[in-house]
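Secondary and tertiary structure notes
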Amino acid sequence: MIGWWMGGRFNPPDTIYLLVATAAASFIMLLLAYHPRGWLSYGFRWIPGVVITGTLIVSGLQLGHNHRALPDRPFHFSKEHYARAWLLHFAEPPRVTASGKRWIADVIGVGRPEGIGRCNGRIVVYTPDSTGISLNDRVWSFIPPKQLKRLPFPGTFDFPAWLATRGIFHEMRLSQGDFGFTSPDPAPGISLRFHRWRERLLAIYRDAGLHDGPWAVMSALVLGYDDAVDSEVMQAFSATGTLHVLSVSGLHVGLVYGAIRLLLGFLSRRSTGKRVQQFLSLLFIWIYALLTGGSPAVLRAAAMLSLVLGSTLINRPAAVWNSLAASIYFLTVADPTLPADVGFQLSYAAVAGILAFYPWLRERGPIGRPLLQRVWEFLSVSVSAQWFTFPLGRYYF
């Protein structure tokens, strides 16, 4: 994370070459340290750890620099000054707004006077409901993108600044007649396929007789689709302090994991069956994480659980702090914009607080009184999480 932060604020020169060099040094050091002939004496076993740490910091520099330099890439659509049309791919489900829908679209091509060229970049697109655009559609837009401007109102949510953390700096507002449809993507990615499956599950809820408010709450509770929840329901949950249950989080992942373990409990009677149970549990956890849209809290819980269960599959002790750090690293490699997400930061801060302070607080509870001890444990979890999330809350909100 230190490397990612530095890479996002400075301009490190040629970090890719430094990353290759440190990665090669890490491999050589590990080979020397763990070779059966013992080529590296025990007194120098700290050297591989230092080199590997340097490799992780350098890789963080590269990821942070790539995230900051998204609009400066040579094939970014904003560099196409002579473009007359922009090919948009709608690969993410939209958010419902008061005037229509808000999409995050990929710009995959541009139309120039001399022909069609490829490009990259992401853009926020606003459309009314009458346009007929749906998931996985590809359209040619004849409206030029406009650069997002920061809001001049202090103390309010700065949506353009939040989009900038995701590498989005431009917007389009399309109406009927501003675009033309082309063939959809014939080979959609895995994320888009899961979004489609979620839409099918939402349709099953409707077919089962759920409509309006009950359908909206069920969709938010189970699948993380909260666009249909109206403001009155949101206010009711907020007033009772239970608004967080309408967003899928690590708690939901834990409940799904417990249910899967219970259903596959018959496999744990044998050693090989226990491994199959753990593998199937991991598979279903990631299916659920992708079905619900892959929010930062869900990805964090799924990644940590995968690392902990993976260590048991290879008969290694689970190190929770190492699993926490490794999950941050792997998720950042998969999506360098995640560490800038406030939900990502709050989720990991809460888990770090629980790991750091909960054991200490639990030992200071009322001993010999089971009921009070259980209440004290619940309070200790909440207080431990708040100690680490409070500074972030003060900073952002």
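The structure under discussion appears in the preceding block.
Now for a description of the structure that goes with this document.

Analysis parameters
- Residues numbered from 1 in each chain as written.
- Predicted model: local features only at pLDDT ≥ 70, side-chain atom pairs only at ≥ 80, totals over all residues.
- Heavy atoms only, no water.
- Salt bridge = Lys/Arg side-chain N within 4 Å of Asp/Glu carboxyl O.
- Helix = DSSP H or I, 4+ residues; strand = E, 2+ residues; numbered from the N terminus.
- Expected span 1.5 Å × (residues − 1).
- Buried < 20%, exposed > 50% of the residue type's maximum accessible area, 1.4 Å probe, protein only.
- Arc of directions from axis to C-beta.
- Contact = heavy atoms within 4.5 Å.
- Patch = residues over 30% accessible without salt bridge, like charges linked within 9 Å, V, L, I, M, F, W, Y side chains within 5 Å.
- Areas by Shrake-Rupley, 256 points an atom, 1.4 Å probe, with all protein chains shown as cover.
- Axes fitted to C-alpha atoms, helices over the stretch in contact; angles between N-to-C directions.
- Parallel < 35°, antiparallel > 145°, perpendicular 65-115°, else oblique.
- Left-handed = near helix turned anticlockwise from the far one by under 90°.
- Pairing = 2+ DSSP bridges.
- Phe/Tyr/Trp six-rings, centres within 6.5 Å; stacked < 30°, edge-to-face > 60°.
- Lys NZ or Arg CZ within 6 Å of the ring centre and 35° of its normal.

Attention shifts here to the pattern of salt bridges. Inspection of the entire model under this criterion finds six salt bridges. The salt bridge involving Glu80 is made with Arg112; its shortest N-O contact spans 2.8 Å. Placement of the pair is Glu80 in the loop between helix 3 (46-68) and strand 1 (85-89) and Arg112 in strand 3 (residues 100-112), with a sequence separation of 32 residues. Ionic pairing is found between Asp106 and Arg122, a salt bridge with its closest N-O pair at 3.8 Å.

What follows concerns helix 8 (residues 250-263). Because an α-helix packs 3.6 residues into every turn, residues spaced three or four apart end up facing the same way. Helix length check: helix 8, at 14 residues, gives a terminal C-alpha distance of 20 Å against a target of 20 Å (1.5 Å per residue), a fit within 8%. Within helix 8, the full set of buried residues consists of Gly250, His252, Val253, Tyr257 and Ile260. Summarising the axial view, the buried residues of helix 8 lie within an arc of 155 degrees, below the 170-degree limit, and thus occupy one face. In helix 8, the exposed positions that point more than 90 degrees away from the buried face belong to Leu251, Leu255, Leu262 and Leu263. Turning to helix 8, the residues buried within the fold contact helix 6 (212-223), helix 9 (271-291) and helix 10 (296-313).

Further remarks concern the environment of Leu251. For Leu251, the position within the fold is in helix 8. C-alpha of Leu251 to C-alpha of Ala301: the two residues are 50 residues apart in sequence and 8.4 Å apart in space.

Moving on, we get to a nonpolar patch on the surface. Side chains of Trp360, Val383, Trp387 and Phe388 sit close together on the surface and give an oily, nonpolar patch of about 370 Å² of accessible area. When residues in the nonpolar patch are grouped by element, the largest group, three residues, is from helix 13 (residues 370-396). Topologically, Val383 is positioned in helix 13. On the accessibility criterion, Val383 (34% relative accessible area) is partly exposed.

It is the contact of helix 5 (residues 190-207) with helix 6, at a shortest axis distance of 10 Å, that shows an interaxial angle of 140 degrees. The orientation of helix 5 relative to helix 6 falls into the category oblique. Once helix 5 is placed against helix 6, the crossing between them reads as right-handed. Contacts from Arg198, Leu201, Leu202, Tyr205 and Arg206 of helix 5 reach helix 6 at Trp215, Met218, Ser219, Val222 and Leu223.

The subject of this paragraph is the pairing of strand 4 (residues 115-118). Of the strand pairs in this sheet, strand 3 and strand 4 are connected by four bridges, and their pairing is antiparallel. Note that in strand 4 the partner of Val110 across the bridge is Gly117. Connecting strand 3 to the antiparallel partner strand 4 that follows it, the hairpin turn spans two residues.

The next subject is the packing of aromatic side chains. Inspection of every chain in the model, using the stated rule, returns seven aromatic pairs. Note on Phe194 and Trp197: the rings are 4.9 Å apart at their centroids and 75 degrees apart in plane angle, and the pair reads as edge-to-face. Placement of the pair is Phe194 and Trp197 together in helix 5, with a separation of three residues, close to one helical turn. In this structure Phe194 comes out as buried when scored by relative accessible area, which is 6%. Looking at Trp197, the relative accessible area reads 38%, which means it is partly exposed. Between Phe344 and Tyr348 the ring centres are 4.8 Å apart and the planes differ by 50 degrees, which places this aromatic pair in the tilted class. Of the two residues, Phe344 and Tyr348 are both situated in helix 12 (residues 342-362); the distance of four residues between them amounts to about one turn of the helix. Here a set of aromatic residues connected by ring pairs shows up, and it is made of Phe357, Trp387 and Phe388. The aromatic ring of Tyr126 is capped on one face by Arg173, whose charged end is 4.2 Å from the ring centroid.

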